[in-house]
Amino acid sequence: MVEYGHDEGQSITGRFAYRGNDILDLQGVYMFGDFTSGTIWGSFPNDSGGYMRRVLVKTDLSGVSFAEDDDGELYVVDLYGGRICWLAAAPGA
């Protein structure tokens, strides 16, 4: 189980396991965003058999959700801003 306090966000939304091939380090990682803060986390297995969350990116998106294409690549949806953003690795990552 992964959780966070209201000091970091208000509402977990858009849960997807990454199944794409563009970001190899994220394959199988459960990803989720916060509806109000725009932060996107990944949930990674830890050594004790549980999971730990790690911030992947802090965005200015409002109303974060996700969509997945036929190849398993993820798109971040900005529900209130009207944008769809392709999730890609940072240059040099």
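Report follows, based on the coordinates. Numbering of residues starts from 1 in every chain and runs along the sequence as written. Reporting of local features is limited, given that this is a predicted model, to residues whose pLDDT is at least 70; pairs of side-chain atoms are given and counted only at 80 or more, and all residues count toward the totals for whole chains, interfaces and linings. To obtain the side-chain values, all non-hydrogen atoms of the structure were used and water was disregarded.

1. Considering the overall build of the protein
The secondary structure listing takes helices from DSSP runs of H or I that are at least 4 residues long and strands from runs of E that are at least 2 residues long, numbered from the N terminus. Secondary structure summary: the protein contains zero helices and seven strands in total. When its helices and strands are written in sequence order, the protein yields β-β-β-β-β-β-β. Any residue under 20% of the maximum accessible area for its type is buried, any over 50% is exposed, and the rest in between are partly exposed; the area is computed with a 1.4 Å probe on protein chains only. Among the 93 residues that make up the protein, the fraction classed as buried is 35%. Considering only contacts within the protein whose residues lie at least 6 apart along the sequence, 35% involve residues at least 24 apart. Shrake-Rupley sampling with a 1.4 Å probe provides the accessible areas, and residues are treated as covered by the protein chains on show and by no other component. Accessible area for the protein stands at about 5700 Å²; split by element, carbon and sulfur atoms hold 51% of it. Note on contacts: a residue pair is in contact if any heavy atoms of the two residues lie within 4.5 Å.

2. Some details on the side chain of Asp34
By the element assignment, Asp34 lies in strand E2 (residues 30-34). For the buried Asp34, no salt bridge is present, and the opposite-charge side chain at shortest range is Arg53, 9.6 Å distant. What qualifies as a polar contact is a pair of N or O atoms within 3.5 Å, subject to a donor-acceptor requirement within protein and to the restriction that residues adjacent in sequence count only when both atoms come from side chains. At a separation of 2.8 Å, a polar atom in the side chain of Asp34 contacts the main-chain amide nitrogen of Ser11. In this view, Asp34 contacts Tyr4, Gly9, Gln10, Ser11, Ile12, Thr13, Thr39, Trp41 and Val64; residues no more than four positions away in its chain are not counted. For this count, His and the chain ends are skipped, Lys and Arg are scored as positive, and Asp and Glu as negative. What counts as a salt bridge is simple: a side-chain nitrogen of Lys or Arg found within 4 Å of a carboxyl oxygen of Asp or Glu.

3. Considerations on the layout of surface pockets
The gaps of empty space that remain are located by a probe, the size of a water molecule, rolled over the atoms. Detection works on a 1 Å grid of protein atoms alone, calling trapped sets that fit a 1.4 Å probe cavities and calling open sets with protein on both sides within 12 Å along at least five of seven lines pockets, with lining residues defined by an atom within 4 Å of a point. Grid points are joined across faces, edges and corners, and a volume is the space filled by probe spheres set on the points. Space inside the largest pocket adds up to approximately 420 Å³. What lines the largest pocket is a set of 20 residues, and nearest its centre among them are Ile23, Leu26, Ala88, Ala89 and Ala90. When contributions to the lining of the largest pocket are tallied by element, the ones reaching two or more residues are strand E4 (51-58) and strand E7 (83-86). Ranked by residues supplied to the lining of the largest pocket, first place goes to E4 with three residues. For this classification, the nonpolar set comprises Ala, Val, Leu, Ile, Met, Phe, Trp, Tyr, Cys and Pro, the charged set comprises Asp, Glu, Lys and Arg, and every other residue, Gly included, is treated as polar. Tallied by class, the residues present in the lining of the largest pocket amount to 16 nonpolar, one polar and three charged.

4. A closer look at the sheet that holds strand E1 (residues 12-17)
At least two DSSP bridges between two strands are required for those strands to pair. Spatially, the four strands line up as an open sheet ordered E1-E2-E3-E4, and their pairing is antiparallel. The sheet is open, and its two edges are formed by E1 and E4, each paired on a single side. Direction aside, neighbouring strands of the sheet carry axes that sit 25 degrees apart on average. Pairing analysis gives four bridges linking E2 to strand E3 (residues 39-45), with the strands arranged antiparallel. The axes used here are C-alpha line fits, helices contributing only the stretch in contact, and every angle between their N-to-C directions lies in the interval 0 to 180 degrees.

In short, geometric facts, not functional conclusions.
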